[in-house]
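# A closer look at the structure
Chain residues, written in single-letter form:
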Amino acid sequence: MIPGTFFFGMTSESGLICDITVNMQSKLNKGLASDSRFLWNRSLFTHPLKFLPDPSLWFVNLICGSVSISTIYCGNQQAHAAVISRVSSERAGTRFQVRGVDDNGCVANFVETEQCVVLGEKLSSFLQVRGSVPVFWEQPGIQVGSHKLTMTRGYELTQVAYDKHMTLLKRNYGLVMILN
């Protein structure tokens with residue numbers, strides 16, 4: 001892990017912990033309190049959950065990624081803008097070590113990036129996700145410019161994992177637009 005890439009949220013007014021593993025759209029529309037896909041210290045919660053009535057008093061949820069918050073002005077009104085990128089903990093690895101999809105439909109290097117703008121009582125949230133191509137593949141070596149890919153499984157097995165991946169995307173984000 002690279003130092004400085006882990007974040008947790010805290011509200012400035014009350015000093016209470018704010019869970020930034022979950023995007024604002026899921027928090028407001030689905031009532032989702034936390035998103036385990038982006039919870040990097042999940043293993044710390046396993047044992048205390050059995051014995052502590054409220055582990056959130058002892059632990060904070062960590063994301064891996066980046067957080068940037070700025071004050072912006074819209075005419076004479078002050079607004080706050082934030083960009084939060086959350087790296088998934090489900091199929092993590094360095095770019096040249098982990099590729100493609102797994103049997104559960106999770107892709108390597110999956111990142112959810114959210115842009116939030118708060119103006120008074122109004123909130124705007126825009127989500128964008130990216131990840132490895134959802135097929136079973138690898139790219140031997142790390143030579144720059146080498147584009148030799150190896151498909152590691154056949155069409156039938158790849159189709160099942162691809163369908164699982166698309167189902168996960170639709171369940172988590174609704175309508176999906178795929179860009180290359």
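Scroll up to find the structure.
These lines cover the structure that appears in this document, whether it is placed above or below. The structure displayed is predicted, hence computed values, not measured ones.

Glancing now at the overall build of the chain. In terms of regular secondary structure, the chain is built from three helices and nine strands. Secondary structure elements of the chain, listed N to C terminal, follow the sequence β-β-β-α-α-β-β-β-β-β-β-α. Across the chain, every contact between residues at least 6 apart in sequence was considered, and the portion connecting residues at least 24 apart equals 48%. A total accessible area of about 12300 Å² is found for the chain, and carbon and sulfur atoms account for 60% of it.

Our next topic: the sheet that holds strand β6 (residues 111–119). Judged by pairing direction, the sheet is antiparallel, and its five strands sit side by side in the order β1-β4-β5-β6-β7 without closing on themselves. The outermost strands of the open sheet, each flanked by one partner alone, are β1 (6–7) and β7 (122–130). Two elements, strand β5 (residues 77–87) and β6, share eight bridges in a ladder whose sense is antiparallel. Within the sheet, the bridge partner assigned to Ala82 lies in β6 and is Cys116.

Turning our eyes to something else, we now look at the side chain of Ser132. Locating Ser132 in the fold gives a position in the loop between β7 and β8 (137–138). In terms of polar contacts, Ser132 uses its side chain to reach the backbone amide nitrogen of Gly100, at 2.8 Å. Residue contacts for Ser132: discarding those within four places in its chain leaves Arg99, Gly100, Val107, Ala108 and Trp137.

On the surface, Leu28, Val118 and Leu123 cluster together to form a nonpolar patch covering roughly 240 Å² of accessible area. Locating Leu28 in the fold gives a position in helix α1 (residues 24–30).

As a further point, take the pairing of strand β4 (residues 63–74). Two strands pair when backbone bridges link them, and β1 and β4 are joined in this way by two bridges, in the antiparallel orientation. The partner of Phe7 across the bridge, within β4, is Ile63. As consecutive antiparallel partners, β4 and β5 are separated by two residues, and within that stretch Gly75 has a phi angle of approximately 65 degrees, a positive value.

Right, let's talk about unusual backbone geometry for a bit. At Asn109, a residue that is not glycine, the phi angle is positive and equals roughly 55 degrees. On the secondary structure map, Asn109 appears in the loop between β5 and β6. Overall, Asn109 belongs to the partly exposed group, its relative accessible area being 21%.

Per the counting criterion, the structure on display carries two aromatic pairs. Centroid distance Phe6 to Trp40: 6.0 Å. Interplanar angle 75 degrees. Geometry classified as edge-to-face. Of the two residues, Phe6 is situated in strand β1 and Trp40 in the loop between α1 and α2 (42–51); the sequence distance between them amounts to 34 residues. Ring geometry for Phe38 and Phe110: centres 6.5 Å apart, planes at 20 degrees, overall stacked. With a gap of 72 residues between them, Phe38 in the loop between α1 and α2 and Phe110 in the loop between β5 and β6 connect regions that are remote in the sequence. Residue Phe38 is classed as buried on the basis of its relative accessible area of 0%. One residue, Arg153, lies across the ring of Phe136, its end atom 4.0 Å from the ring centre.

Criteria and cut-off values
Residues numbered from 1 in each chain as written. Predicted model: local features only at pLDDT ≥ 70, side-chain atom pairs only at ≥ 80, totals over all residues. Heavy atoms only, no water. Helix = DSSP H or I, 4+ residues; strand = E, 2+ residues; numbered from the N terminus. Contact = heavy atoms within 4.5 Å. Areas by Shrake-Rupley, 256 points an atom, 1.4 Å probe, with all protein chains shown as cover. Pairing = 2+ DSSP bridges. Polar contact = N/O pair within 3.5 Å; in protein donor to acceptor, adjacent residues only side chain to side chain. Patch = residues over 30% accessible without salt bridge, like charges linked within 9 Å, V, L, I, M, F, W, Y side chains within 5 Å. Salt bridge = Lys/Arg side-chain N within 4 Å of Asp/Glu carboxyl O. Buried < 20%, exposed > 50% of the residue type's maximum accessible area, 1.4 Å probe, protein only. Phe/Tyr/Trp six-rings, centres within 6.5 Å; stacked < 30°, edge-to-face > 60°. Lys NZ or Arg CZ within 6 Å of the ring centre and 35° of its normal.

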